[in-house]
Every structure is written in structure tokens, then in C-alpha cells.
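# Remarks on the overall topology
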Amino acid sequence: MKRYFPFFVILVILSLTFLFPSVDFKNSGNPQFNTGDIAWMLMSTALVLIMTPGLAFFYGGMVNKKNVISTMLQSIVCMVIITVLWGIFGFSLAFGESFHGVIGNPSTYFMMKGMLGNATWKAAPTIPLLLFAMYQLKFAIITPALITGAFAERIRFNSYIIFLVLFSIFIFSPLAHCTWHPDGILAKLGVLDFAGGTVVHMSAGWAALASALYLKRRNDANHSPARITYVMIGTGLLWFGWFGFNAGSAFGANALAVTALATSTTASAAGGITWIFFDMLLGRKPSAMGTCIGAVVGLVAITPAAGYVSVPHSLAIGIISAVVSNLVVEWRTRTTIDDTLDVFPCHGVGGMVGMLLTGVFANQHVNPNNTTGNGLFFGETHLFMVQLLAMVGVSIFAFFGSLLLLKITDMISPLRVSAEEEVLGLDITQHGEKL
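Worth saying up front: this structure is predicted, and the values here are computed from it rather than measured.

Quick notes on the rules
- Residues numbered from 1 in each chain as written.
- Predicted model: local features only at pLDDT ≥ 70, side-chain atom pairs only at ≥ 80, totals over all residues.
- Heavy atoms only, no water.
- Helix = DSSP H or I, 4+ residues; strand = E, 2+ residues; numbered from the N terminus.
- Rg over C-alpha atoms; globule rule 2.2 N^0.38 Å.
- Buried < 20%, exposed > 50% of the residue type's maximum accessible area, 1.4 Å probe, protein only.
- Contact = heavy atoms within 4.5 Å.
- Areas by Shrake-Rupley, 256 points an atom, 1.4 Å probe, with all protein chains shown as cover.
- Lys, Arg positive; Asp, Glu negative; His and termini not counted.
- Charge placed at Lys NZ, Arg CZ, Asp CG, Glu CD.
- Phe/Tyr/Trp six-rings, centres within 6.5 Å; stacked < 30°, edge-to-face > 60°.
- Lys NZ or Arg CZ within 6 Å of the ring centre and 35° of its normal.
- 1 Å grid on protein atoms, 1.4 Å probe; cavity = no way out; pocket = protein on both sides within 12 Å on 5 of 7 lines; lining within 4 Å.
- Points joined across faces, edges and corners; volume = space filled by probe spheres on them.
- Patch = residues over 30% accessible without salt bridge, like charges linked within 9 Å, V, L, I, M, F, W, Y side chains within 5 Å.
- Salt bridge = Lys/Arg side-chain N within 4 Å of Asp/Glu carboxyl O.
- Core = buried A, V, L, I, M, F, W, Y, C linked by side-chain atoms within 4.5 Å.
- UniProt positions renumbered as here; feature names shortened; annotations may be inferred.

## Examining the overall build of the protein
The helix and strand tally for the protein stands at 15 helices and four strands. Rg of the C-alpha trace for the protein: 21 Å, near the compact-globule value of 22 Å for 435 residues, within the 12% margin. The dimensions of the protein, computed from C-alpha atoms along their principal axes, are 65 × 55 × 35 Å. The 435 residues of the protein split such that 57% are buried. The contacts of the protein with a sequence gap of at least 6 include a subset with a gap of at least 24, amounting to 78%. Put simply, the protein shows about 17,600 Å² of open surface, and 70% of that area lies on carbon and sulfur atoms. Charge-centre separation for the protein: the mean point of 22 positive side chains lies 5 Å from the mean point of 19 negative side chains.

Below, the structure written as C-alpha cells:
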């Protein structure tokens with residue numbers, strides 16, 4: 001029965017394509033489409049997508065050689081599964097008609113209905129609604145992929161697929177709705193998350209910690225990276241794609257996109273160089289791995305703030321986040337927590353630092369659409385308290401929600417591979433392939 005069920009799901013999806021062709025046409029009469037904005041958002045959508053293969057290289061290069069294919073595939077498979085899920089009802093859960101500011105109505109855009117003609121999203125009136133939906137899809141893809149670094153080298157692939165579907169439905173979609181839908185509870189509270197500090201990085205980071213605790217330690221927690229050159233290639237692809245991630249969140253080819261691009265690249269650079277110098281301060285050698293991790297941490301931390309802070313403050317965010325994450329990585333190594341690739345210290349903590357520093361450095365001169373107020377640095381406290389409250393609430397929801405989903409997944413299909421399979425490696429035992 002287990003062998004037939006997945007293909008049965010495919011047949012159901014095929015049936016839905018005939019029952020719901022979604023060819024209805026919306027004509028508002030006064031389209032505001034801007035070809036420049038459309039061109040930039042098409043490019044941004046492609047840029048964000050390339051981040052997932054970049055993440056596959058980034059993580060794949062860090063694990064043992066016997067687990068490289070499995071680790072990389074855990075990222076790539078998100079591209080196919082989440083895309084199908086998003087096209088059926090995922091986008092509607094995140095951006096459909098609001099249900100008490102918590103989740104979207106799955107029927108609003110079921111099977112991508114209402115996407116043709118002049119349909120637009122409120123926050124992006126100059127691009128087609130379908131383009132907005134495809135852009136947001138790329139965020140939905142990379143979020144569960146980020147988690148995989150925490151349970152690398154010990155999770156069954158079939159069970160992972162179940163978990164990633166549950167995570168997308170019950171963790172990512174509600175957070176995206178709460179934060180980015182105009183009627184979401186966090187949006188109404190005034191929370192600032194320009195491109196996914198809470199929705200993407202904090203949710204993935206806390207899920208990673210929950211996964212590391214639930215799956216417990218590997219039988220052999222010591223490993224040497226298979227290909228540091230893969231890590232460096234992955235870093236380049238992530239940094240490149242992050243311009244679409246952050247600058248694309250301006251939803252147009254405009255000055256705000258330029259600001260987000262500038263703050264993103266400077267924060268990343270500051271994070272990379274700070275990680276190197278901080279390692280040297282602690283008596284370590286400056287390493288390629290450390291440089292890459294620091295650069296990514298800077299990108300993580302600037303994500304919620306990219307369109308709200310100035311370039312000098314983006315440098316501060318990159319520096320502070322690199323130091324904090326470096327310290328948390330060092331702390332983690334002294335515990336029994338086996339977060340294989342330090343997803344929580346880098347993405348979870350980096351996201352939280354960025355979230356709070358948005359409340360410190362945000363200024364309405366940078367982005368007049370920020371109606372919550374200026375940051376703590378400018379003598380105002382309201383925004384900081386809003387960010388702090390949201391950070392605590394999202395952390396509790398993402399951590400305990402993920403623990404529950406892990407338990408449910410484990411009841412459906414055991415999460416951990418056997419001790420023998422772990423020794424042999426996931427590439428050969430889960431996929432019948434090897435380097």
C-alpha cells in the first residue's frame with residue numbers, strides 16, 4: 001500500500017487539472033502593469049529559485065562524502081514538491097482571503113484560479129498576480145530546504161518528504177499569511193519583515209533546533225566536509241540569488257529595490273569579514289568555511305531589515321550578527337545538540353538578530369511605507385517592542401509546532417535511518433547512488 005499511495009496522489013492531482021482548468025479571466029478595466037517592474041520581478045523570481053541549488057551546494061559540501069547526494073537532493077526535492085503544492089492550494093493558504101488574520105482560505109486561489117487578466121496583489125499593483133504568486137513560491141521552496149542541514153546524515157528520505165509537506169502547510173503558510181498579508185495579525189501589529197526574517201529564517205531555524213533535538217545525535221557526530229569548494233560555490237549562488245530575495249521584495253524596479261540590494265551586499269560582506277577576524281581573535285585560522293558562513297549569516301540578518309535601514313546600519317547588522325552567531329555556534333559545540341550544519345545558530349539566531357536590529361535601525365526616511373515608526377537608535381521604542389513581541393511569538397509557534405509535526409511524521413513513517421544505514425551512508429541506502 002505504501003508503494004502505491006504516492007502515485008495515487010499524482011493521479012488525484014492529474015484529475016484536479018481536468019476538473020479545475022482555471023481559465024477564468026479578470027478584467028479590471030484599468031491595468032497598472034509596468035513593464036520595467038514585471039521584467040525585474042521575473043528576474044527576481046529566477047534569482048530566488050537559484051538560491052535553492054545554491055543551498056544544496058552549500059550544505060552538500062559540508063557533510064561526509066557518503067551523504068552528499070542525499071543532502072543536496074533534500075534541497076532540490078523542495079523545488080518539485082512545494083511547487084506542486086503551491087499551485088494547488090499553498091498560495092491560497094498564504095495569501096488567500098484571511099481567516100482571522102491567521103491563515104488564508106484554501107479555496108480563494110485553488111488551482112491558481114483568478115490569475116488571468118488584470119488580477120494583481122494589493123502590495124504589488126504593477127505586476128500580474130500570477131507573477132507575485134510565482135515569486136512568493138520561491139520563498140516557500142527554500143524555507144523547508146534550510147531545515148535539512150540540522151538533520152543531515154540521519155533522516156529517511158520518504159519521511160522527510162512527509163515532514164516538508166506538513167511544515168509548508170502548518171508552519172510556513174500561517175507565518176507568511178500573518179506577516180505579509182495585509183489582514184495578517186503580525187502585519188496589523190506593525191511587524192516589519194521586508195523579505196523573510198521571521199517567515200523564512202526564524203521558522204526554519206527553530207524547526208532545525210526542534211529536528212536536532214527530536215532526532216538526537218548521530219552515531220558518529222564527527223565528520224570532515226566532503227567538498228569545501230562546493231560550499232564556496234553555494235555561497236556565491238546564495239549571495240547572487242539573495243539580490244532577488246531582498247531587492248525583489250520591493251516588488252518593482254525602483255529606488256527601494258536599490259536600497260535593499262545595497263544593504264544586502266554590504267551586510268553580507270561585513271558578516272564574512274567579521275567572522276574571519278573574530279575567529280582570529282579566538283585563536284583560529286581564517287578559513288574558507290568561516291568566510292562563507294559569515295557571509296550567509298550577514299545575508300540572513302539583513303533580510304528582515306533590507307528595505308528599512310541605511311547602508312551604514314546594514315554594516316552594523318552584518319557585524320553584530322556574525323559575532324552573535326559565531327558565539328552560538330561555539331556554544332552549540334559544547335552541548336549534546338547535534339545540529340549537523342548549525343542551522344539554528346546561523347539561520348535561526350541570525351534571523352532573530354536581524355528582526356531585533358530592524359527594530360533598532362529602521363528609519364522612515366529609508367522607507368516611507370514603514371508606518372510603525374523609527375527604531376530604537378532614533379529614540380523611539382514602539383517598533384522595537386513590536387519586533388520583540390513578534391520574535392517571541394514566532395519562536396514559540398515555530399519550535400513547538402515543528403516538534404508536533406516531527407512526532408506526527410514519525411508516527412506515519414519512522415524519521416531516522418537505522419544504525420547500519422547511517423554507517424553505510426544515505427546516498428547508497430536511500431537513493432542507490434554514490435559519488
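## Re the packing of aromatic side chains
Within the structure shown, the criterion is met by 26 aromatic pairs. Their ring planes at 45 degrees and their centres at 6.3 Å tell us that Phe 157 and Tyr 160 sit as a pair that is tilted. Here the residue Phe 157 and the residue Tyr 160 both occupy positions in helix α5 (residues 157–180), the gap between them amounting to three residues, near one helical turn. Accessibility classification places Phe 157 together with Tyr 160 in one group, the buried group. An angle of 85 degrees between the planes, with centres 5.5 Å apart, marks the rings of Phe 194 and Tyr 308 as edge-to-face. Here Phe 194, found in the loop between α6 (185–189) and α7 (197–215), pairs with Tyr 308, found in the loop between α10 (288–302) and α11 (311–333); they are 114 residues apart in sequence, far enough to count as distant. With a relative accessible area of 8%, Phe 194 lands in the buried category. Of note, Arg 3 hangs over the ring of Tyr 4, and the distance from its end group to the ring centre comes to 5.2 Å.

## Quick notes on the layout of surface pockets
Here the largest pocket defines a volume of roughly 980 Å³. For the largest pocket, the lining is made up of 23 residues, of which Phe 5, Pro 6, Val 9, Ile 161 and Val 165 are closest to its centre. Sorting the residues of the lining of the largest pocket by element identifies α1 (5–19), α3 (68–95) and α5 as the ones contributing at least two each. Ranked by residue count, the leading element in the lining of the largest pocket is α1, at seven residues.

## Structural notes on a nonpolar patch on the surface
There is a patch of nonpolar side chains on the surface, built from Phe 7, Ile 10, Leu 11, Leu 14 and Phe 18 and spanning about 550 Å² of accessible area. With respect to the helices, strands and loops of the structure, Phe 7 is situated in helix α1.

## Focus: the nonpolar core
Residues Phe 58, Trp 86, Phe 91, Phe 132, Phe 172 and Phe 245 are the most contacted members of the largest nonpolar core, which totals 132 residues. Aside from chain neighbours lying at most four places away, what touches Phe 245 is Val 48, Met 51, Tyr 135, Phe 139, Ile 142, Ala 195, Val 200, His 201 and Thr 303.

## Overview of the UniProt feature "domain: Ammonium transporter AmtB-like" (unreviewed entry) in the protein
On the UniProt side, "domain: Ammonium transporter AmtB-like" (unreviewed entry) is annotated at positions that read residues 39–434 here. Annotated as 67% helix and 2% strand, the span residues 39–434 places its first and last C-alpha atoms 40 Å apart.

## Remarks on the pattern of salt bridges
On inspection of all chains with the given rule, the structure shows eight salt bridges. As a salt-bridge pair, Arg 218 and Asp 338 come within 2.8 Å of each other at their nearest N and O atoms. On the criterion of sequence distance, the pair formed by Arg 218 in the loop between α7 and α8 (228–247) and Asp 338 in the loop between α11 and α12 (343–361) is long-range, its members being 120 residues apart. Here Arg 218 and Asp 338 have matching classes, each one buried. The salt bridge involving Glu 422 is made with Arg 416; its shortest N-O contact spans 2.6 Å. Looking at Glu 422, the relative accessible area reads 7%, which means it is buried. For Arg 416, a relative accessible area of 25% puts it in the partly exposed group. When salt bridges that share partners are traced, they join Glu 153, Arg 154, Arg 218 and Asp 338 into one network.

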